[in-house]
Amino acid sequence: MAMIGKLYHGTAWYPELWDEAVIAHDIEKMKEAGINVVRIGEFTWSTMEPTEGAIDVSLFANVIARLHADDIDTVMCTPTATPPIWLTHRHPERLHVDERGTEMGHGSRQHICTNHPEFRKRAAMITEAIASKLGQLPGLVGWQLDNEFKAHVAACHCSGCLGLWQKWLEKRYGTIEALNEAWGTAIWSQWYERFDQVPHPGPTPFLHNASMQTAHRLFSMACVTDFAAEQAAIIRRFSSAPITHNSSIAFAIDNEQLFSRLDFASFDTYASAENYAAYLINCDLFRNYKPGRGYWLMETSPSYSGSLQSVAVPHPRGYVAAEAVAAYALGADAFCYWHWRQHRSGCEQPHGSVFSAWGKPTIGWDNVLEVEQARGAIEPLLLGSSPAIAEVALVYSDRAKAFLTTEPLKGMNYRGLLTDCYARLLAMGIHRDVIPESAPLHGRKLLLTPFLPYVSDEFIAKAMTFAEQGGIWIVGPFTGCRTEEHTIPTDTALGKLEQLSGIEAVSSYPFDGTGAIGQAFGMTAPLGMWGTVFEPHGAASVGIVEGGLTPGRSFLTEHRVGRGWLVMLGVMPMGEEGDAMLRAMLDHYASRAGVALRSDATSGTLVAPRVEQDGRQLWAIVNMDGRGGTVTVPNRSEDALTSEPLVSGPLSIGRYAYRVVRLPAMAK
């Protein structure tokens, strides 16, 4: 259930850019549209502190008060993504340096090294000034730190970060001998005598050591988390309002670490309508960063995204409302736009908005009205219920993303691969949670860990306990094939997983172009990407390789462990035949595991199960693909919005339409 007693319908707004007449007009139109929360302040450092030390946040205190008077709440941001010119130019050593050694310049955002001590000092001062003066104001209901950490840059390679990197390594490894051993630096004479000799993984004639590259990415992620925690600690001295950051799975950060130090999770997404799975995966993931507390969709477009260099296709009429209903049904407390009024200047002038720069409604206006109508209809039902815990869990790991950024192996893009896996579950009508590695497995029946190169001993122990107690753990592909230091195991190819799964990994190699065909579940499909084939030693072979370089080897096995099963998928089936085979595999093991939270909704239609306070189940049903669909509802169900009984059988859902169905008592 929502943490704030309402569903928020919000927008980003930049009152510092406009005069009094525009501000008054915008607030009036926000009320008309049903906007009940506004996010302000994220890029306003030069307005708040035009010259060093002269901080004035009275404009924002006035705006918060005016919004509150009109029953609109505020999320206040820290403006540290856009340092003012006096900060960036007086000390050019503060500028961010990318992996090519290029120093960033003033004029965009994220151009400063966020690890630089002088920047941290000034960031702390502006954060304290904002929090101390605004933190207790009525109507201020939340804080956002910075804006989209590492959206445009990744790890900084400046001289200051070099020293921090070397200290981080010393703390991690203790001795230079331990680092050399862990990284295998004898190769190519990469051996180091001291920590202060270890460079950034910057320009080099070929490629840096994999261990160094991945460690540097993890170091940068840890620095971002520390910066966020530092700002959050300052705010908490002056305000009890919860704190978040508007993040994304596209950025070079560790969301699991980041949100462990914050109060609620939020994300930004601009996925196109045709790529709705890339939108929904965020909802099912960010719900699980702070279990039991609703997430926020902090930014999405009311119509289309755009910048000086590109614009997206506008969303079809009705799609934004479908996005909103899906987000709320999957656990969102807020659905917010970027942005309210079109920028008259800057680099995002073409971006879709609710109002134009000249004060007229855009094509996004009607979308906002449709969202508000839907929000009003579903709010009572959603406030009295909570998202059902999914029996199927797909593990998402930003650490795994770091590994595959270092070692993409012919286009193995982690975000894309996980979204493909997610989309398959979605299309099959299987209710799913996307969970971080640290999430508990209580209540799960089927666990999926694809493309997780390093699997910690702690995770293996947790997952094995889950399997031994009756769960089914499907491992792979490309899981367990690297050590924590991004090296290849030397005892067995997949480390502990081999003995536990009753197999021996005999060959690992790229399958694309080899002619290998997989046979499983009475189907055949080409095999591709980097894969591993097995010799069963106690496990049963479920999938066999035909042709190619390793005919007769197993690429899919299952092994009984306690009351459950450990399934090893070594190679990825490809193409339409591969998709059919993977669906057959998922269906087979979901059935064996007794997964009940699934529906027969046609592909493109989402069913989001929720549980009411009395234990009855709601289905929020949303068509996402614009083609309409059907789903079978059981006998004695009712339309939860009208209380009208429904006839058992197929229920039609129109183009981008939604229904809320209350299932009969005791339905499973």
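So, here is what we can say about the structure in this document. (Residues numbered from 1 in each chain as written. Predicted model: local features only at pLDDT ≥ 70, side-chain atom pairs only at ≥ 80, totals over all residues. Heavy atoms only, no water.)

### Side note on the overall build of the chain
Argument step 1. Counting its secondary structure elements, the chain contains 17 helices and 28 strands.
Argument step 2. Compactness check: the chain gives a C-alpha radius of gyration of 26 Å against a globular reference of 26 Å for 668 residues, within 12% of the reference.
Argument step 3. The proportion of buried residues among the 668 residues of the chain is 59%.
Argument step 4. Of all intrachain contacts in the chain linking residues separated by at least 6 positions in sequence, the fraction that spans at least 24 positions is 71%.
Argument step 5. When the accessible area of the chain is evaluated, it comes to approximately 25,500 Å², of which 53% is carbon and sulfur surface.
Argument step 6. Measuring between centres, the 55 positive side-chain charges of the chain sit 3 Å from its 71 negative side-chain charges. (Helix = DSSP H or I, 4+ residues; strand = E, 2+ residues; numbered from the N terminus. Rg over C-alpha atoms; globule rule 2.2 N^0.38 Å. Buried < 20%, exposed > 50% of the residue type's maximum accessible area, 1.4 Å probe, protein only. Contact = heavy atoms within 4.5 Å. Areas by Shrake-Rupley, 256 points an atom, 1.4 Å probe, with all protein chains shown as cover. Lys, Arg positive; Asp, Glu negative; His and termini not counted. Charge placed at Lys NZ, Arg CZ, Asp CG, Glu CD.)

### Here's the deal with the environment of His 431
Argument step 1. By the secondary structure assignment, His 431 is in the loop between helix H14 (414-427) and strand S12 (432-435).
Argument step 2. Relative accessible area serves as the criterion here: at 3%, His 431 is assigned to the buried category.
Argument step 3. Sequence separation of His 431 and Ala 390 is 41 residues, and the distance between their C-alpha atoms is 5.7 Å.
Argument step 4. Beyond its immediate stretch of four places on either side in the chain, His 431 contacts Arg 287, Ala 388, Ile 389, Ala 390, Val 392, Leu 597, Arg 598 and Pro 609.
Argument step 5. At 3.0 Å, the side chain of His 431 and the backbone oxygen of Ala 388 are in polar contact. (Polar contact = N/O pair within 3.5 Å; in protein donor to acceptor, adjacent residues only side chain to side chain.)

### A few points about the sheet that holds strand S6 (residues 246-247)
Argument step 1. Spatial strand order, S5-S4-S3-S2-S1-S9-S8-S7-S6: nine strands in an open sheet with parallel pairing. What marks the edges here is a single partner per strand, and that holds for strand S5 (243-244) and S6.
Argument step 2. As defined by bridge partners, strand S3 (residues 73-77) adjoins strand S4 (residues 140-144) across four bridges and the pair is classed as parallel. Its bridge partner being in S4, Val 75 is matched across the sheet by Gly 142.
Argument step 3. Where helix H10 (residues 276-286) meets the sheet, its contacts fall on S6, strand S7 (266-268), strand S8 (295-299) and strand S9 (332-337), and the angle it forms with S7 comes to roughly 165°.
Argument step 4. Contacts from helix H12 (residues 364-383) reach strand S1 (8-12) and S9 within the one sheet, and its direction differs from that of S1 by about 155°. (Pairing = 2+ DSSP bridges. Axes fitted to C-alpha atoms, helices over the stretch in contact; angles between N-to-C directions.)

### Focus on the sheet that holds strand S10 (residues 385-387)
Argument step 1. Taken in spatial order, the five strands of this open sheet run S10-S23-S24-S28-S26, and their pairing is antiparallel. Edge strands, defined here as strands with exactly one partner in the open sheet, are S10 and strand S26 (638-639).
Argument step 2. Judged from the three bridges that link them, S10 and strand S23 (residues 605-612) form a sheet pairing that is antiparallel. Note that in S23 the partner of Ser 385 across the bridge is Glu 612.
Argument step 3. Strand contacts of helix H11 (residues 319-329): S10, S23, strand S24 (617-623) and strand S28 (658-662), with the helix running at about 155° to S24, the strand carrying the most contacts.

### Some details on a nonpolar patch on the surface
Argument step 1. Residues Ile 187, Trp 188, Phe 206 and Leu 207 make up a contiguous nonpolar surface patch of roughly 520 Å² in combined accessible area.
Argument step 2. Mapping Ile 187 onto the fold places it in the loop between helix H7 (176-183) and helix H8 (210-236). (Patch = residues over 30% accessible without salt bridge, like charges linked within 9 Å, V, L, I, M, F, W, Y side chains within 5 Å. Salt bridge = Lys/Arg side-chain N within 4 Å of Asp/Glu carboxyl O.)

### Quick notes on the pattern of salt bridges
Argument step 1. A complete count under the given rule lists 41 salt bridges for this structure.
Argument step 2. Note that Arg 317 and Asp 366 form a salt bridge whose closest N and O atoms lie 3.9 Å from each other. With Arg 317 in the loop between S8 and H11 and Asp 366 in helix H12, this residue pair connects regions lying 49 residues apart in the sequence.
Argument step 3. One network of salt bridges, in which partners are shared, links Asp 284, Arg 287, Arg 432, Asp 433 and Arg 444.

### Description of the side chain of Asp 433
Argument step 1. Tracing the chain through its elements places Asp 433 in strand S12.
Argument step 2. Exposure remark for Asp 433: the relative accessible area of 2% places this residue in the buried category.
Argument step 3. Side-chain polar atoms of Asp 433 contact the side chain of Asn 288, separated by 3.3 Å.
Argument step 4. Apart from residues no more than four positions distant in its own chain, Asp 433 is found in contact with Asp 284, Arg 287, Asn 288, Ile 389, Ala 390, Val 392, Ala 393, Leu 394 and Arg 444.

### Quick notes on the environment of Lys 410
Argument step 1. Structurally, Lys 410 can be placed in the loop between helix H13 (398-406) and H14.
Argument step 2. On the basis of relative accessibility, which here comes to 67%, the residue Lys 410 falls in the exposed class.
Argument step 3. Put simply, Lys 410 and Pro 510 are 100 residues apart on the chain and 8.7 Å apart in space, counted from C-alpha to C-alpha.

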